[in-house]
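What the coordinates show
This is what each chain is made of:
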Amino acid sequence: MKHLNLIFGLVLFLIIANTANTQAQSIIEKIEQEVEATVQAENIPAVSIGVLYKNEIHYINRGHFNRQEERKVDEKSIYQIASLGKIFIGIIANNLLLEKKIQLDQPITTLLPSVFSEKRKQQLEKITIEHLLHHQSGLPQDSRITYRRKDGTAYLYDYTEEDLLKDLQKLKIKSGNPYQYSNTGYAILAYLLERATNSTYDELLDKYILKPYNFENTTATLNEAQQKQLVTPYRKDKRTIATAPWRMGKMTPPSGLYSTIEDLSKLLKTQLAAYQDYKKTQQMTPLILTTNKIQKYKQYTVKYGYGFNDWGNETYGHTGDMDGFAGDYSITLGRNTGIVVLTSSGEDWIRPMISRINKILAEAAR
């Protein structure tokens, strides 16, 4: 009888497992159909997607490395990830906060060189590490040099430490620490993290992101082999016209890193698990980026942590757009799902597509 019970239990387990696999396959097929329809409707040259569902990453790739060749993109294809790089800065900053190498209320002047006028120094003393993390420094969205770029063209300037310090001296700073999304602020934050640790940003990236999460192709500078895996970007307004990867110097950490869907999906899976554990145990890890966040801004609500948006309904993430390349990264705790998208042409169509994918996942959860 005992043997019969064991056999019956094993058969039942196999039936349940096969049913679950069949259901998961059906859901992924629906998502693939949605992606295919979007690619066709929007004339997207290439997109790579990682969908975390039932604790497994499912890759969806459509399009080619460029419009002149038949080589198809896959999960190892390399894209620039635009503002998704701010997630990495948040994770690195969280590590340094836990290690007590920086403090939230630390004025940024404690880590800056003494090159500023007395009047500007007094203004900068009012800005803290926390202000930068929350986009509350009062600094504008972009640097003086970035403003010169025209839509449809790549940003091609090796923004130096000297440029960054000149911007800190000359850019208008709004008083009162209002919320203002700022690429410049996060570039300055990455620079301060370097100075706090006497390290380069590449070294910080390697120590706190690449090695812990087993990344293979995330970098600020492509080597020869990685150059061959780089997807060609196309203008977001005219998707048949090729543009170029951005060259950004000190603006690279928040806005111009390179990565793959494979690498970002590893982080997505680990970060979702960290958030789920935090819900149960309140045990803080560097991947939890939204326990401390700004809450309000003027007539609408902003919930922004350390490189992560809290979009409500236990959904967290970030978007990124650099005219050609664009990306989106999000986790949803209630459904235990996540989605990361990288593309070679524009951001405007990504969020609507993700909304439709989330509808499929929500229906499956019910």
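It should be noted that the structure appears before, not after, this text.
To keep things clear, this report deals only with the structure shown in the data block. Predicted model only: the values in this text are computed from it and were never measured. (Residues numbered from 1 in each chain as written. Predicted model: local features only at pLDDT ≥ 70, side-chain atom pairs only at ≥ 80, totals over all residues. Heavy atoms only, no water.)

**Some words on the environment of Pro 140**
Rules: Helix and strand labels come from DSSP, where a helix needs a run of H or I of at least four residues and a strand needs a run of E of at least two; each type is numbered from the N terminus.
Counting through the fold element by element, Pro 140 comes out in the loop between α4 (129–133) and α5 (161–170). Distance in space between the C-alpha atoms of Pro 140 and Ile 81 is 21 Å, their sequence separation being 59 residues.

**Here we look at the environment of Lys 86**
Here is the rule: Any two residues whose heavy atoms approach within 4.5 Å at even a single point are treated as in contact. What qualifies as a polar contact is a pair of N or O atoms within 3.5 Å, subject to a donor-acceptor requirement within protein and to the restriction that residues adjacent in sequence count only when both atoms come from side chains.
Mapped onto the elements, Lys 86 comes out in helix α2 (residues 85–98). With sequence-adjacent residues up to four places away left out, Lys 86 is seen in contact with His 135, Tyr 181, Ser 182, Asn 183, Tyr 186, Pro 253, Pro 254, Ser 255, Tyr 304, Tyr 306, Gly 307 and His 318. At 2.8 Å, the side chain of Lys 86 and the side chain of Ser 83 are in polar contact. Reaching out from Lys 86, the side chain makes a polar contact with the backbone oxygen of Pro 254 at a distance of 3.3 Å.

**Concerning the pairing of strand β1 (residues 46–53)**
Rule in force here: Burial classification: accessible surface area is computed with a 1.4 Å probe over protein chains only, and a residue below 20% of its type maximum counts as buried, one above 50% as exposed, and the rest as partly exposed. When DSSP finds two or more bridges between a pair of strands, those strands are recorded as paired.
Counting buried residues along β1, 8 of its 8 residues qualify, which places the element largely inside the surrounding structure. Taking every second residue as pointing to the same face, both faces of β1 are buried, with Ala 46, Ser 48, Gly 50 and Leu 52 on one and Val 47, Ile 49, Val 51 and Tyr 53 on the other. Strand direction decides the pairing type here: β1 and strand β2 (residues 56–63), joined by 8 bridges, are antiparallel. Bridge pairing in β2 places Val 47 opposite Arg 62. Looking at chain direction, β1 and strand β10 (residues 337–343) are connected through 6 bridges and run antiparallel. Within the sheet, the bridge partner assigned to Ser 48 lies in β10 and is Leu 342.

**Description of helix α10 (residues 261–281)**
Stated precisely, the cut-off is as follows: One fewer than the residue count of a helix, multiplied by 1.5 Å, yields its expected span.
In this model α10 runs 30 Å from its N-terminal to its C-terminal C-alpha over 21 residues, within 8% of the 30 Å that 1.5 Å per residue would give. One or two steps after α10, the chain reaches Gln 282, where phi turns positive at roughly 60°.

In short, geometric facts, not functional conclusions.
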